[in-house]
Amino acid sequence: MKVCVIGTGYVGLVTGVCLAEIGHDVICVDKDEKKISSLKKGQVSIFEEGLEELVRKNIDSGKLIFNSDTAQGVKEGEIIFICVGTPPLPSGKPNLTAIDDVARMIGKSLNGYKIILNKSTVPIGTAKRIKKIIKENQDQDNVSYKFDIVSNPEFLKEGEAVKDAFFPERIVIGSNSEKAIDIMKKLYGPIINQDFDYAKNNINKKQKVPILITDSTSSELIKYASNAFLATKISFVNEIANICERIGANILDVTYGMGLDERIGSRFMKAGIGWGGSCFPKDVRALAYTAEEYGSQASILNAVIHVNNQQRFKIIQKAMDLLGIIDDKAIGVLGLSFKPNTNDTREAPSITIANKFLELGAEVRVYDPIVKDYPDNLDKGAIFAKDPYEALKGADLMVLVTEWDEFLDLDFERIKSLLISPNIIDGRNFLDKEKLQDIGFKYVGIGN
Ligand code: UGA
């Protein structure tokens, strides 16, 4: 099938490349000409395992092309994926400007029956909104062309996006058009049946991927409710971790014991400094906003946000407990990305923590295996170190913020000799507490 993907961010690019790899002809468009020109050369600016190779492979085979002309892409595609951003406004309400612009463009460019498919995480009711805007923008030359809107949320995790695209846990299709649903089943056929070259001998290959057909509003809510539930799980566990600290229990044993109950499960039960990234913060706020907009209380969602906002400041409190006054102390912060295996620092706890230490007068050295430039919002007073040892030389405290694997292999004897005082705060309960204590560190975790 001929597919046009509008927007080449995480979702758009991964979706486009995945559809090309399973055999469709994909044109990815983005109004950012610089980005398109890099992508045409096979250069991918986001860090995602396996993505760049797949982009290059599919450019070479002619299955994947890039273009900065959205109207052209819409004209060529039979199925149009909307994968543009919906950043939050200060109120928590998602900003739909990019979606609206794209819908107007689609209305003007329709040249036959098309399926307009929304993959961006959008507020409840956006499918109906897009339909209205497209209709309003059809003119007398193309007003006779019909189209169907489909809500098809994505569930990719950053850092595992390629795997999640090929081997998803479910495909959700929200539409009331039988014709569109049939076409979607064909489009995703190779994924549903796990029958495509990339799946052969891949350990992640599934037997079959479940496909759920529902109305567009329920489909939109499935996405928000899933992210909000996962965020709730983490905030809940963090609250229990805080109770553990007060009563002298160990969160690692507590979550292990809870997770053995299959109804609870052991995944997404890691206590730490809370969730960040481009999805959970935005989506939980948006769902709370929608609930209140429709006169429904968002008591749990608001509490989940509140617990998460507090959690990153636990690191500051723990640092104060260890060091007393923070002013003039040197602190090495390891990890900037909001989680490992991505270079994304959006709403990362690292930024809040580093900025707060700077505000309190500390010298802050930061190190991340991949993030090498100042992320937005990180105070320029932070000093980038070339490696973890440089970040920790002469420091009073090491703070582990992101659980990158390479931090497990650090030479902690060397770190002990570099630090002025052997203090470690492990914001992810990631390091070997006993080993570090044997070496002579004062180790402080979360809830243990
Ligand atoms: C999340 C969802 O997991 C995806 O299913 C969804 O498609 C995506 O949002 C989206 O809406 O696009 P992502 O933001 O990439 O994916 O990251 P996660 O791996 O879910 O982690 C989110 C945050 O939770 C991170 O800050 C992570 O450190 C934190 N986390 C995760 C914990 O603190 N504890 C855990 O046990 C798990």
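Look a little higher up for the structure.
Remember, it's a predicted structure, so these values are computed and weren't measured experimentally. (Residues numbered from 1 in each chain as written. Predicted model: local features only at pLDDT ≥ 70, side-chain atom pairs only at ≥ 80, totals over all residues. Heavy atoms only, no water.)

Student: Is there a simple way to think about the pattern of salt bridges in this case?
Tutor: Any two side chains of opposite charge can pair, so long as their charged atoms come close to each other. For the structure on display, the rule yields 23 salt bridges. Put simply, Arg 263 and Asp 261 hold a salt bridge, and the shortest N to O gap is 2.8 Å. We classify Arg 263 as exposed; its relative accessible area is 75%. Residue Asp 261 is classed as partly exposed on the basis of its relative accessible area, which comes to 24%. (Salt bridge = Lys/Arg side-chain N within 4 Å of Asp/Glu carboxyl O. Buried < 20%, exposed > 50% of the residue type's maximum accessible area, 1.4 Å probe, protein only.)

Student: For this particular structure, what's the right way to read the packing of helix α1 (residues 10-21) against helix α3 (residues 51-60)?
Tutor: The description of two packed helices rests on the angle between their axes and on the distance between the axes. Running from N to C, α1 and α3 cross one another at 50 degrees; their axes reach a closest spacing of 10 Å. With respect to their mutual orientation, α1 and α3 come out oblique. Where α1 crosses over α3, the handedness of that crossing is left-handed. On the side of α1, the interface is formed by Leu 13, Val 14, Val 17, Ala 20 and Glu 21, while α3 contributes Leu 51, Leu 54, Val 55, Lys 57 and Asn 58. Taken together, the residues that form the contact of α1 with α3 break down as seven nonpolar, one polar and two charged. (Axes fitted to C-alpha atoms, helices over the stretch in contact; angles between N-to-C directions. Helix = DSSP H or I, 4+ residues; strand = E, 2+ residues; numbered from the N terminus. Parallel < 35°, antiparallel > 145°, perpendicular 65-115°, else oblique. Left-handed = near helix turned anticlockwise from the far one by under 90°. Contact = heavy atoms within 4.5 Å. Nonpolar A, V, L, I, M, F, W, Y, C, P; charged D, E, K, R; others polar.)

Student: How should I be thinking about helix α2 (residues 33-40) in this particular structure?
Tutor: Owing to its 3.6 residues per turn, the α-helix aligns residues three or four sequence positions apart on the same side. Its side-chain oxygen placed 3.2 Å from the backbone nitrogen of Lys 34, Asp 32 serves as the N-cap of α2. Two residues or fewer after α2 comes Gly 42, characterised by a positive phi angle close to 80 degrees. (Polar contact = N/O pair within 3.5 Å; in protein donor to acceptor, adjacent residues only side chain to side chain.)

Student: Would you explain the nonpolar core in this entry?
Tutor: Soluble, globular proteins show a tendency: their nonpolar side chains are buried together. If you look at the biggest cluster of nonpolar residues, it comprises 45 residues, and the most contacted ones within it are Leu 51, Phe 81, Phe 166, Tyr 188 and Ile 191. When residues of this core are assigned to their parent elements, the largest contribution, seven residues, is made by α1. If sequence neighbours within four positions are ignored, Phe 166 has contacts with Cys 18, Glu 21, Ile 22, Leu 54, Ile 191, Gln 194, Phe 196 and Tyr 198. Judged by nonpolar contacts, the second largest core, of 34 residues, contains Ile 273, Ala 354, Phe 357 and Leu 358. (Core = buried A, V, L, I, M, F, W, Y, C linked by side-chain atoms within 4.5 Å.)

Student: When you look at the pairing of strand β3 (residues 64-67) in this model, what are you seeing that I'm missing?
Tutor: Looking along a regular strand, one sees the side chains alternate between the two faces of the sheet. What you see with β3 is a clean split: Leu 64 and Phe 66 sit on the buried side and Ile 65 and Asn 67 on the side with no burial. Inspection of the sheet shows strand β2 (residues 25-29) paired to β3 by four bridges, in the parallel sense. Along β3, the bridge assignment pairs Cys 28 with Phe 66. (Pairing = 2+ DSSP bridges.)

Student: Is there a simple way to explain the site of the ligand in this structure?
Tutor: If you check the shell around the ligand, you find 20 residues, and the closest are Phe 155, Leu 156, Glu 158, Lys 223 and Asn 227. For the ligand, an oxygen atom lies 2.7 Å from a polar atom in the backbone of Leu 156. Between the ligand and Lys 339 there is a distance of 2.8 Å, counted from an oxygen atom to a side-chain nitrogen or oxygen. Within the complex, the protein chains bury 91% of what would otherwise be the 710 Å² of accessible surface of the ligand. Among the elements of the structure, α10 (216-247) and α12 (280-293) are those that each provide at least two residues to the shell around the ligand. The biggest single contributor to the shell around the ligand is α10, with three residues. Considering only residue class, the shell around the ligand consists of nine nonpolar, three polar and eight charged. (Near = heavy atom within 4 Å. Areas by Shrake-Rupley, 256 points an atom, 1.4 Å probe, with all protein chains shown as cover.)

Student: Help me out: how do you make sense of the environment of Lys 208 in this one?
Tutor: Within the secondary structure, Lys 208 sits in the loop between α9 (189-192) and β8 (211-214). According to the relative accessible area criterion, Lys 208 is exposed, its value standing at 51%. Counting along the chain gives 212 residues from Lys 208 to Ile 420, while the straight-line C-alpha distance between them is 56 Å. Once residues lying within four places of it in the same chain are set aside, the contact partners of Lys 208 are Ile 192 and Asn 193.

Student: When you look at unusual backbone geometry in this model, what are you seeing that I'm missing?
Tutor: For residues other than glycine, phi is negative in most cases, and the peptide bonds are mostly trans. Located in the positive-phi region is Gln 194, a residue other than glycine, with phi close to 55 degrees. On the secondary structure map, Gln 194 appears in the loop between α9 and β8. At Glu 347, a position not held by glycine, the phi torsion is positive, near 50 degrees.

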